[in-house]
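Descriptive analysis of the structure
Letter by letter, the chains look like this.
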Amino acid sequence: MRKKIAAANWKMNTTVPEGIELAKSVRQALEGVDRKCDVVLGVPFTHLCAVAEAVKGTDIIVAAENCATEPKGAYTGEVSAAMVASTGAKAVILGHSERRQYYSEDSETLVAKVAQALDNGLQVIFCCGEDLEERKDGRQFDVVRKELEDGIFNLSEDEFRSVVIAYEPIWAIGTGETATSEQAEEMLKYIRQTIADRYGKEIAEETSILYGGSCNGKNAPELFAKPNVDGGLIGGASLSAEKFLPIVEAF
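One structure accompanies this document, and this report is about it. Counting from 1, residues in each chain are numbered in the order their sequence is written. The predicted origin of the model limits local features to residues at a pLDDT of at least 70 and limits the giving and counting of side-chain atom pairs to 80 or more, whereas totals for whole chains, interfaces and linings rest on all residues. Note: side-chain values were computed over all heavy atoms of the structure, leaving out hydrogens and water.

1. Observations regarding the packing of aromatic side chains
Here a pair means two rings of Phe, Tyr or Trp (six-membered ring of Trp) with centres within 6.5 Å. Their orientation is stacked below 30 degrees between planes, edge-to-face above 60, and tilted elsewhere. With the rule as written, the count across this model stands at 6 aromatic pairs. With 6.2 Å between their ring centres and 65° between their planes, F153 and F160 make a pair best called edge-to-face. The classification of residues rests on relative accessible area computed with a 1.4 Å probe and restricted to protein chains. Under 20% of the type maximum is buried, over 50% is exposed, and intermediate values are partly exposed. Residue F160 is classed as buried on the basis of its relative accessible area, which comes to 0%. Ring geometry for Y167 and Y211: centres 6.4 Å apart, planes at 55°, overall tilted. Of this pair, Y167 sits in strand β6 (residues 163-167) while Y211 sits in strand β7 (residues 209-211), placing them 44 residues apart in sequence. Of the two residues, Y167 and Y211, neither departs from the other in class, the shared state being buried. Cluster of aromatic residues (ring-pair linked, three or more members): F153, F160 and Y199. Here a helix means four or more residues in a row that DSSP labels H or I, a strand means two or more in a row labelled E, and each is numbered from the N terminus.

Here it is, written out as structure tokens:
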């Protein structure tokens, strides 16, 4: 049975002291909660060691929000997957729409980053999704399929088992807009079938696929009730334990 996941993505928010307090607040909020999902905290590079320490002894998973394409070397300002793994983090978010849009990350770049992450034992949360124009033109399925094919369908079956997919309709990120539960289910069902076409039904059924796009405590129960929605990649609502907890409890 595939895992249900509530994954926080703090983005470029909180100082290190603030992040430690937020992680401790999430840890405390989850104590005694009968959870039906894994909890992932995706945090800035500067926070990784401290947050890993703050949640030590729990099953909360710490994730980086990015990693470099190269294992090491003269790449000033970059952070390698090996560095990420050395902090105690167990996962990394790659291919987020903001990285694609603002930093021009293309599929070639992502193939290299995914390889580095997997080589260092990190689970990959791989993001894909269409923008508003692509949705209006009816190209959303073609866009998502190409991002999957070009970014991760080069992986072997064993490698692919370490990948979680996060579908983020770009038009619903940080806008307050949310895909309807029907729209989310339609796309995640399509993604699962696309995976089945490449890797077979068994692996497709094992793959966790998340929805990311203004998910909150109010709409999470309806979204997560859909058969192909295995959880969420949560942005703004993850910056408060009080707002994040209802999402964790929505399964």
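Let us keep going from here.
2. Observations regarding the pairing of strand β8 (residues 231-234)
Along β8, one buried face is formed by G231 and L233 and the opposite face, lined by G232 and I234, is buried too. DSSP-based pairing: two strands are paired if at least 2 bridges between them are found. Here strand β1 (residues 5-9) pairs with β8 via 4 bridges, running parallel. Opposite I5, over in β8, you have G231 as the bridge partner.

3. Re the nonpolar core
We define a nonpolar core as any set of buried Ala, Val, Leu, Ile, Met, Phe, Trp, Tyr and Cys residues linked to one another through side-chain atoms lying within 4.5 Å. Ranked by size, the top nonpolar core spans 70 residues in total, and within it L41, I152, I165 and I191 carry the most contacts. Every residue in contact with I152, bar those within four places of it in the chain, is listed here: V114, F126, E147, F160, V163, I165 and Y199. Counting residues in each nonpolar core, the second largest holds 13 residues, with V40, A63, I125 and A166 among its members. In what follows, a contact means two residues having at least one pair of non-hydrogen atoms within 4.5 Å.

4. Brief notes about the pattern of salt bridges
Any carboxyl oxygen of Asp or Glu that lies within 4 Å of a side-chain nitrogen of Lys or Arg is treated as forming a salt bridge with it. Following the criterion strictly, the structure yields 17 salt bridges and no others. E147 is the partner of R100 in a salt bridge, and the nearest nitrogen-oxygen pair spans 3.8 Å. Remark: E147 occurs in helix α7 (residues 140-151) and R100 occurs in helix α4 (residues 97-103); sequence separation between them is 47 residues. Each member of the pair, R100 together with E147, is buried. Linked by salt bridges that have partners in common, R2, K4, R192, E205 and D230 make up one network.

5. Examining a negative patch on the surface
Patch definition: residues above 30% relative accessible area lacking any salt bridge, with like charges linked at up to 9 Å and the nonpolar side chains Val, Leu, Ile, Met, Phe, Trp and Tyr linked at up to 5 Å. Using a 1.4 Å probe, the Shrake-Rupley method yields the accessible areas, and only the shown protein chains count as cover for residues. Neither His nor the chain ends is counted toward charge; the positive residues are Lys and Arg and the negative residues Asp and Glu. Note on charges: their place is set at NZ of Lys, CZ of Arg, CG of Asp or CD of Glu. Together, D119, E157, D158, E159 and E202 line one region of the surface with negative charge. Locating E202 in the fold gives a position in helix α10 (residues 201-206).

6. Some remarks on the side chain of N66
As for its position among the elements, N66 is in the loop between β3 (61-64) and α3 (81-86). Within polar-contact distance, the side chain of N66 engages the side chain of K113 at 2.8 Å. Ignoring sequence-local partners within four residues, the contact set of N66 consists of F45, V84, V92, I93, L94, R99, E105 and K113. Counted as a polar contact is a pair of N or O atoms within 3.5 Å, where, for protein atoms, one must be capable of donating a hydrogen and the other of accepting one, and residues adjacent in sequence contribute only when both atoms are in side chains.

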